[in-house]
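What the coordinates show
Spelled out, the chains give:
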Number of protein chains: 4
Amino acid sequence: MAFRTRLQVRFSDIDPAGVVYFPRFLHYCHTAMEDFFADELGMSYARLFAEHRCGFPAVHLETDFRRPLRYGDAVEIEVEIVKVGRTSVTWRYTLRAADEIAAEVEIVTACIDLDRFRARVVPDWLVRAFEARLAPGLGID
Amino acid sequence: MAFRTRLQVRFSDIDPAGVVYFPRFLHYCHTAMEDFFADELGMSYARLFAEHRCGFPAVHLETDFRRPLRYGDAVEIEVEIVKVGRTSVTWRYTLRAADEIAAEVEIVTACIDLDRFRARVVPDWLVRAFEARLAPGLGID
Amino acid sequence: MAFRTRLQVRFSDIDPAGVVYFPRFLHYCHTAMEDFFADELGMSYARLFAEHRCGFPAVHLETDFRRPLRYGDAVEIEVEIVKVGRTSVTWRYTLRAADEIAAEVEIVTACIDLDRFRARVVPDWLVRAFEARLAPGLGID
Amino acid sequence: MAFRTRLQVRFSDIDPAGVVYFPRFLHYCHTAMEDFFADELGMSYARLFAEHRCGFPAVHLETDFRRPLRYGDAVEIEVEIVKVGRTSVTWRYTLRAADEIAAEVEIVTACIDLDRFRARVVPDWLVRAFEARLAPGLGID
């Protein structure tokens, strides 16, 4: 089953139209990715940065906004790995509030060496961890 | 010629990898859209909200991140209208630093009635203003 | 005993010096106030806004920053009511990481009527709720 | 005459009460400090960080919020140096919109060596630059 995490829409997330400012949806996805590393893989993204000098910046993303999120909404975010490449990983995030889909986000991230800010091969132990959690019906490059 | 505006990468835009946090790119696009309304159309987005109760929230977006932005970078953002629909407008943003493309962003926005948060027809005067500024070679629904 | 809540320092909270950007400390305090309303008073700040049209914007604040917060730090925030005035409430927030004080913040908030954005008397039921939780040794105007 | 810089209240700065979220006032002050370094001292804060490994994090601050800022407001920020200590500098920011004071902020910053994140003596050339711009009637430790 896919990893899920929860957050609250906060006061400061709201824009003058009374709904969550759209770039915050991407921020929510990043916090969900952080939760995925810490709670699902047992390796916090902070530690991955500090000890392995390895990071996953976005290189491409697509988002469908389906319904607005409002102040006080409880948001559930489903995190799926949809593809593991040699030097990239593709993530899919589904944001739901009150069981309705609020947004669907797909983010292609590069695996980079933080000391040189250059693409690198995804470490073996991460490939294995990601593969074991691939969304059903999806494959590996 | 397409509308262009400029901003500086600020201290607070930077993430632990030393580059601009990726959701900030979308925020930059929104500030560029605000500048487009104020400086190109002569109608600030604040006034469009307050007086016309009309807004343009994102319903779909795609982004290609080409190179990272760093603290102190001067960013030029080109704003193009690529499609004017009955109830939607599609925008393209090209972010450049030192004449290199940092990101390309396409955002489909719905035109909404802010009092009911429901889709509405794009006002005539805005259709005309957008059409007059359509990116070359592009059309209208 | 004072109300306490917890949060994680997130990726996006970090500035180019590798520590939490100082305005985020005030944001953390606001999220702690939101948790206080929801978890301690059983009335979310969102509901207070929507149903009672009552809010508590900051009118004065003082902050001592004692030690930096870093990416991945678990932060515990203690929320204390230190004064209940006729139209204002004073809050004290103590932020700790690894049992060391990271910052002490005192914020005077006005009670306002959101429809007119004007000061109003703190509602009786809130005065009682705040008084019952006054920090030891502190009084009421 | 004191250094002044300007900014616009942006869409994303607004909270559910329709006014600028209070931690953003401190963010505005930081951007004004960045403008002060670049435009008044001719040394961008980015370059001070990168080349001199010297930064000025906040260690204490006080803020009086006088009137709310709203979406579309043009904000003028006056930056004054009020005290130059051996290892600290005290700044005063006055934020105005439509010639009315919106907020007054005083921030004590430590001078730190970024490589060790430890207090250091303010570099001589900066002491001279700050002294030459001390707010009238104010002195040096």
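Keep in mind that this is a model prediction, so the values were computed, not measured.

1. Focus on the relation of the copies chain C and chain D
Superposition record for chain C on chain D: RMSD 0.0 Å, screw rotation 180 degrees, translation along axis 0.0 Å. What we have between these two chains is a two-fold relation. Minimal C-alpha distance to the rotation axis in chain C is attained by E62 of chain C, lying at 2.2 Å. In this assembly the copies share their binding face: 100% of the residues contributing to the interface of chain C also contribute to that of chain D.

2. A few points about the packing of aromatic side chains
Across all of its chains, the model carries 76 aromatic pairs over all chains by this definition. Taking the centre distance of 5.9 Å and the plane angle of 50 degrees together, the rings of F11 of chain B and Y21 of chain C count as tilted. With F11 of chain B in the loop between β1 (3–8) and α1 (22–40) and Y21 of chain C in the loop between β1 (3–8) and α1 (22–40), this residue pair bridges two chains. Of the two residues, F11 of chain B and Y21 of chain C, both sit in the buried class. Considering the side-chain rings of F36 of chain B and W91 of chain B, the 5.5 Å spacing of their centres and the 90 degrees angle between planes classify their relative orientation as edge-to-face. Of this pair, F36 of chain B sits in helix α1 while W91 of chain B sits in strand β5 (residues 88–97), and the two are 55 residues apart along the sequence.

3. A closer look at the relation of the copies chain A and chain B
For the match of chain A to chain B, the screw axis carries a shift of 0.0 Å, the RMSD comes to 0.0 Å, and the turn is 180 degrees. Interface overlap between copies: 100% of the residues of chain A at the interface are likewise at the interface in chain B, consistent with a symmetric, same-surface contact.

4. Remarks on helix α3 (residues 124–131) of chain B
All names here are of chain B. Those residues of α3 that sit buried are L126, V127, A129 and F130. Down the axis of α3, the sector holding all buried residues measures 165 degrees, keeping them to one side. Along α3, exposed side chains directed more than 90 degrees from the buried face belong to D124 and R128. As for α3, its buried residues are in contact with α1, α2 (45–52), β2 (54–55), β4 (74–84) and β5.

5. Here we look at the interface of chain C and chain D
Listed by partner, the interface residues are 23 residues for chain C and 23 residues for chain D. A combined buried area of about 2,100 Å² lies between chain C and chain D, and 68% of that area is made up of carbon and sulfur atoms. Per-residue buried area on chain C facing chain D is highest for F22, L61 and F117 of chain C; these three make up 25% of the total on that side. Linking chain C with chain D are zero salt bridges.

6. Notes on the pattern of salt bridges
Residues and elements named next belong to chain B. The tally for this structure, following the rule as stated, stands at 60 salt bridges over all chains. Of the charged contacts in the structure, one is a salt bridge between R6 and E76, with a shortest N-O distance of 3.9 Å. Residue R6 is found in strand β1, and its partner E76 is found in strand β4; the two are separated by 70 residues along the sequence. Judged by relative accessible area, which is 56%, R6 ranks as exposed.

7. A look at the sheet that holds β1 of chain B
Remark on secondary structure: sheet strands pair via backbone hydrogen bonds, oriented parallel or antiparallel. In spatial order, the strands read β1(A)-β4(A)-β5(A)-β6(A)-β3(A)-β3(B)-β6(B)-β5(B)-β4(B)-β1(B); together these ten strands make up an open sheet with antiparallel pairing. Of all strands in the sheet, those with a lone pairing partner are β1 (3–8) of chain A together with β1 of chain B, marking the two edges. The average angle at which neighbouring strand axes cross in this sheet is 20 degrees, direction not considered. Bridge analysis of strand β3 (residues 58–65) of chain B against strand β6 (residues 100–110) of chain B gives seven bridges, and the strand direction is antiparallel.

8. Observations concerning the nonpolar core
By size, the foremost hydrophobic cluster in this structure holds 221 residues, and its most contacted members are F130 of chain A, F130 of chain B, F130 of chain C together with F130 of chain D. Discounting residues that sit within four places of it in the chain, F130 of chain C has contacts with F36, F37, L41, F56, I81, V84, V89, W91 and V122 of chain C.

9. What to know about the sheet that holds strand β8 (residues 118–119) of chain C
All names here are of chain C. The antiparallel open sheet is built from three strands, whose spatial order is β2-β7-β8. The open sheet is flanked by β2 (54–55) and β8, the only strands paired with a single partner. Taken together, the two bridges between β2 and strand β7 (residues 112–113) define a ladder with antiparallel strand orientation. When the sheet's bridge partners are listed, G55 is paired in β7 with I112.

10. Concerning the environment of P16 of chain B
Here P16 of chain B shows up in the loop between β1 and α1. Those residues in contact with P16 of chain B that sit more than four places away from it in its chain are F49 of chain A together with F11, I14 and Y71 of chain C.

11. Side note on the interface of chain A and chain B
With 23 residues of chain A at the interface, the matching set in chain B holds 23 residues. Approximately 2,100 Å² of surface area, both sides summed, lies buried where chain A meets chain B, with 68% of it carried by carbon and sulfur atoms. Broken down residue by residue, the surface that chain A buries against chain B is led by F22, L61 and F117 of chain A, which jointly contribute 25%. Counting across the interface, chain A meets chain B through zero salt bridges.

12. Quick notes on the environment of A2 of chain A
Residues and elements named next belong to chain A. Relative to the assigned elements, A2 resides in the segment before β1. For A2, a relative accessible area of 25% puts it in the partly exposed group. Counting along the chain gives 131 residues from A2 to R133, while the straight-line C-alpha distance between them is 7.5 Å.

13. Remarks on a negative patch on the surface
Together, E62, D64 and E106 of chain A together with E62, D64 and E106 of chain B make up a negatively charged patch on the protein surface. Of all elements in the fold, only β3 (58–65) of chain A together with β3 of chain B reach the threshold of two or more residues within the negative patch. Assignment of secondary structure puts E62 of chain B in strand β3. When its relative accessible area of 33% is taken as the criterion, E62 of chain B is described as partly exposed.

How each quantity is defined
- Residues numbered from 1 in each chain as written.
- Chains lettered and ligands numbered in written order.
- Predicted model: local features only at pLDDT ≥ 70, side-chain atom pairs only at ≥ 80, totals over all residues.
- Heavy atoms only, no water.
- Least-squares fit on C-alpha atoms with pLDDT ≥ 70 in both.
- Contact = heavy atoms within 4.5 Å.
- Phe/Tyr/Trp six-rings, centres within 6.5 Å; stacked < 30°, edge-to-face > 60°.
- Helix = DSSP H or I, 4+ residues; strand = E, 2+ residues; numbered from the N terminus.
- Buried < 20%, exposed > 50% of the residue type's maximum accessible area, 1.4 Å probe, protein only.
- Arc of directions from axis to C-beta.
- Buried area = accessible area lost by both parts, 1.4 Å probe.
- Salt bridge = Lys/Arg side-chain N within 4 Å of Asp/Glu carboxyl O.
- Pairing = 2+ DSSP bridges.
- Axes fitted to C-alpha atoms, helices over the stretch in contact; angles between N-to-C directions.
- Core = buried A, V, L, I, M, F, W, Y, C linked by side-chain atoms within 4.5 Å.
- Patch = residues over 30% accessible without salt bridge, like charges linked within 9 Å, V, L, I, M, F, W, Y side chains within 5 Å.
- Areas by Shrake-Rupley, 256 points an atom, 1.4 Å probe, with all protein chains shown as cover.
- Lys, Arg positive; Asp, Glu negative; His and termini not counted.
- Charge placed at Lys NZ, Arg CZ, Asp CG, Glu CD.

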